[in-house]
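One-letter residues, chain by chain:
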Amino acid sequence: MAGTEPILEVGGLVKHYPLTRGVLFKKQIGAVRAVDGVDLALGRGETLGIVGESGCGKSTLARLLVNLESPTAGSIRYKGEDITGLSGRALKTVRRNIQMVFQDPYTSLNPRMTVGDIVGEPYEIHPEAAPKGDRRRRVRELLDVVGLDPDYVGRYPHQFSGGQRQRIGIARGLALRPEIIVADEPVSALDVSVQAQVINLMARLQDEFGLSYVFIAHDLSIVRHISDRVAVMYLGRIVERGRDTEIYDHPTHPYTQALLSAVPVPDPEARQRRERILLSGDVPSPADIPSGCRFRTRCWKARERCALEVPALAVPEEFRFATGPAAHDSACHFAEEKRPVLPRDPGREPREEPA
Ligand SMILES: Nc1ncnc2c1ncn2[C@@H]1O[C@H](COP(=O)(O)OP(=O)(O)OP(=O)(O)O)[C@@H](O)[C@H]1O
Ligand code: SF4
Ligand SMILES: [Mg+2]
């Protein structure tokens, strides 16, 4: 499924929100470093999962990717072209091709608009995308594509369940036939039983329309089955990234290991065997990021070097000449495998037992 040429490439992306004091004469006294130097690439037809705790900058990153906000620094390349400085028609074309699906289907749909008007709204902003006389037909077709009855066009959002509302949000995201969809926690507000249905729908649409996805979640277990690659975010930065099995079965960053150790495990026996890693302390404020490694205030392995040197997001020294799944990017001075963090998933490749 994954392509090789990146359709979207992000380099050194930064979004700082100024912190000011004073009412009349505003003085900048600091900055909220919401996104603080992110590098990532999205292949054609690929799904990149982005995972991190609340407040780590996921939604800010999503808004930057779809051009709803402009970055403080860094580049976003769409098919090789830097789109951060675009305006006018060029910007409009890019916006059409990179669409967003929002987190909360209860608040992201206007309660006073009919479903038909919500799904067809992108045609008001991009009238060139569909002739006026054909829009109604297209909206009905989009509802059908996401598994809703096309006769629902005249209904209002409150007449639908959460899962159905998210299908409406997805239909709206598809209206302009984009190439990329940035989905910001599209299933987090839904019941567990409905989450899988929406994820399966998104997987089917990806194949049908050749879409590339950035799929954001705060829980590693949600993105596992849809992502080709996963990036773990902490305080505005990516701390570990790799293919599915590299991250889930061979994590080397202490933060990823802690997140995985908290993933719910249904089998009680397996649950007993795994070791929970409890993180101490709260996530620091993005207005006051620790020196060196930003995870050090909660890391059980932190040493002196961690406060002095920022670890680079690269294959760690220890694995540089290795070829196995542990040899992937991890921003930790003391990266090492810690297994098993998660009990083996039946049906996946067998894993070695811990040494
Ligand atoms: N417009 C803004 N002005 C100032 N600070 C902001 C703004 N938008 C976001 N922030 C701050 O930036 C940080 C990252 O926020 P963001 O919403 O991107 O996180 P998130 O990972 O999406 O969190 P959540 O899981 O809660 O959705 C937070 O500390 C937030 O308060
Ligand atoms: S660099 Fe140090 S503080 Fe940061 S994750 Fe690695 S061991 Fe922990
Ligand atoms: Mg968010």
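Residues numbered from 1 in each chain as written. Chains lettered and ligands numbered in written order. Predicted model: local features only at pLDDT ≥ 70, side-chain atom pairs only at ≥ 80, totals over all residues.

The criterion, for reference: UniProt positions are given in the numbering used here, feature names are shortened, and annotations may be inferred rather than shown by experiment.
Under an unreviewed UniProt entry, the protein has the name ABC transporter ATP-binding protein and belongs to Streptomyces caeni. Check the Sequence similarities (unreviewed entry) section of the UniProt entry for the protein; it says "Belongs to the ABC transporter superfamily."

## A look at the overall build of the protein
Heads up, the condition is: To qualify as a helix, a DSSP run of H or I must reach at least 4 residues; to qualify as a strand, a run of E must reach at least 2; elements of each kind are numbered from the N terminus. Radius of gyration here is computed from C-alpha atoms only, and the compact-globule reference equals 2.2 Å multiplied by the residue count raised to the power 0.38. A residue is called partly exposed when the number of other C-beta atoms within 10 Å of its own lies between 12 and 20, exposed at 12 or fewer, and buried at 20 or more, with C-beta atoms placed from the backbone. A residue pair is marked as a contact if its C-beta atoms, positioned from the backbone, fall within 7 Å.
When its secondary structure is counted, the protein shows 11 helices and 10 strands. Relative to a compact globule of 355 residues, whose C-alpha radius of gyration would be 20 Å, the protein shows 21 Å and is just as compact. The principal-axis extent of the C-alpha atoms belonging to the protein is close to 65 × 60 × 40 Å. Taken across its 355 residues, the protein has 39% of its residues classed as buried. Taking contacts inside the protein between residues at least 6 apart in sequence as the whole, the part at least 24 apart equals 66%.

## Notes on the packing of helix α3 (residues 115-125) against helix α5 (residues 162-174)
What counts, and what does not: To get an axis, a line is fitted to the C-alpha atoms, and for a helix only the part in contact is used. The angle between two axes follows their N-to-C directions and goes from 0 to 180 degrees. Should an angle fall under 35 degrees it is taken as roughly parallel, and over 145 as roughly antiparallel, whereas 65 to 115 is taken as roughly perpendicular and any remaining angle as oblique. Note on convention: near helix rotated counterclockwise from far helix by under a right angle means a left-handed crossing. Clockwise means right-handed.
Running from N to C, α3 and α5 cross one another at 30°; their axes reach a closest spacing of 7 Å. Relative to α5, the element α3 is oriented roughly parallel. For α3 against α5, the interelement crossing comes out right-handed. On the side of α3, the interface is formed by Val115, Ile118, Val119, Glu121 and Pro122, while α5 contributes Ile168, Ala171 and Arg172.

## Some points on the site of ligand 2
The test is simple: As used in this record, a residue near a molecule or strand is one whose C-beta atom, placed from the backbone, is within 6 Å of it. Residues were grouped as follows: Ala, Val, Leu, Ile, Met, Phe, Trp, Tyr, Cys and Pro as nonpolar; Asp, Glu, Lys and Arg as charged; and all remaining residues, including Gly, as polar.
The full set of residues close to ligand 2 is Pro254, Cys293, Phe295, Arg296, Cys299, Lys301, Ala302, Cys306, Pro311, Cys332, His333 and Phe334. The residue inventory of the shell around ligand 2, partitioned by class, reads 9 nonpolar, 1 polar and 2 charged.

## Quick word on the site of ligand 1
Close contacts around ligand 1 come from 13 residues, with Tyr17, Ala34, Lys58, Ser59 and Thr60 the closest. Of all the elements in the fold, those that place two or more residues in the shell around ligand 1 are β2 (27-43) and α1 (58-65). Per element, the largest residue contribution to the shell around ligand 1 is 3 residues, and it comes from α1. Residue composition of the shell around ligand 1, grouped by class: 5 nonpolar, 7 polar and 1 charged.

## Quick notes on the domain arrangement of the protein
To be explicit about the condition: Throughout, the edges of the domains are those of an automatic or database domain assignment.
By domain assignment, the protein separates into domain 1 (6-23 + 38-233) and domain 2 (252-355). Look at where the C-alpha atoms of domain 1 and domain 2 centre, and you get two points 29 Å apart. Listed by partner, the interface residues are 7 residues for domain 1 and 11 residues for domain 2. Along the lines of polarity and charge, the residues of the side of domain 1 that touches domain 2 split into 3 nonpolar, 2 polar and 2 charged.

## Re the UniProt feature "domain: ABC transporter" (unreviewed entry) in the protein
Feature annotation in UniProt places "domain: ABC transporter" (unreviewed entry) on residues 14-260, given in this structure's numbering. Between the end C-alpha atoms of residues 14-260 the distance is 27 Å, and the span holds 36% helix and 27% strand.

## Regarding the sheet that holds strand β4 (residues 73-78)
Inclusion rule: Any two strands with at least two DSSP-identified bridges between them are counted as paired.
Across the sheet, which stays open at both edges, the 4 strands sit in the order β2-β1-β4-β5 with antiparallel pairing between neighbours. If you trace the sheet from one side to the other, it starts and ends with β2 and β5 (81-82), each paired once. Pairing of β4 with β5 involves 2 bridges; the strand directions are antiparallel. When the sheet's bridge partners are listed, Arg77 is paired in β5 with Asp82. Where α1 meets the sheet, its contacts fall on β1 (6-21), β2 and β4, and the angle it forms with β2 comes to roughly 70°.

## Here's the deal with the nonpolar core
The line we're drawing: Think of a nonpolar core as buried Ala, Val, Leu, Ile, Met, Phe, Trp, Tyr and Cys residues chained together by C-beta atoms that fall within 7 Å.
In terms of nonpolar packing, the biggest core is built from 79 residues, with Leu65, Val119, Ala171, Val182, Val214 and Val232 touching the most fellow members. Each of domain 1 (6-23 + 38-233) and domain 2 (252-355) contributes no fewer than three residues to this core. Residues contacting Val119, with those up to four places away along its chain left out, are Val139, Leu142, Leu143, Ile168, Ala171, Arg172 and Ala175.

## What about the sheet that holds strand β7 (residues 180-184)?
Pairing within the open sheet is mixed, and its 6 strands lie in the order β6-β7-β8-β3-β9-β10. Each end of this open sheet is capped by a strand with a single partner; those strands are β6 (98-101) and β10 (237-243). Taken over all neighbouring pairs, the strand axes of this sheet differ in orientation by 20° on average, direction set aside. As paired elements, strand β9 (residues 229-234) and β10 share 6 bridges and run antiparallel to each other. By the bridge assignment, Met233 is partnered in β10 with Ile238. Docked against the sheet, α5 engages β6 and β7, running at close to 170° with respect to β6.

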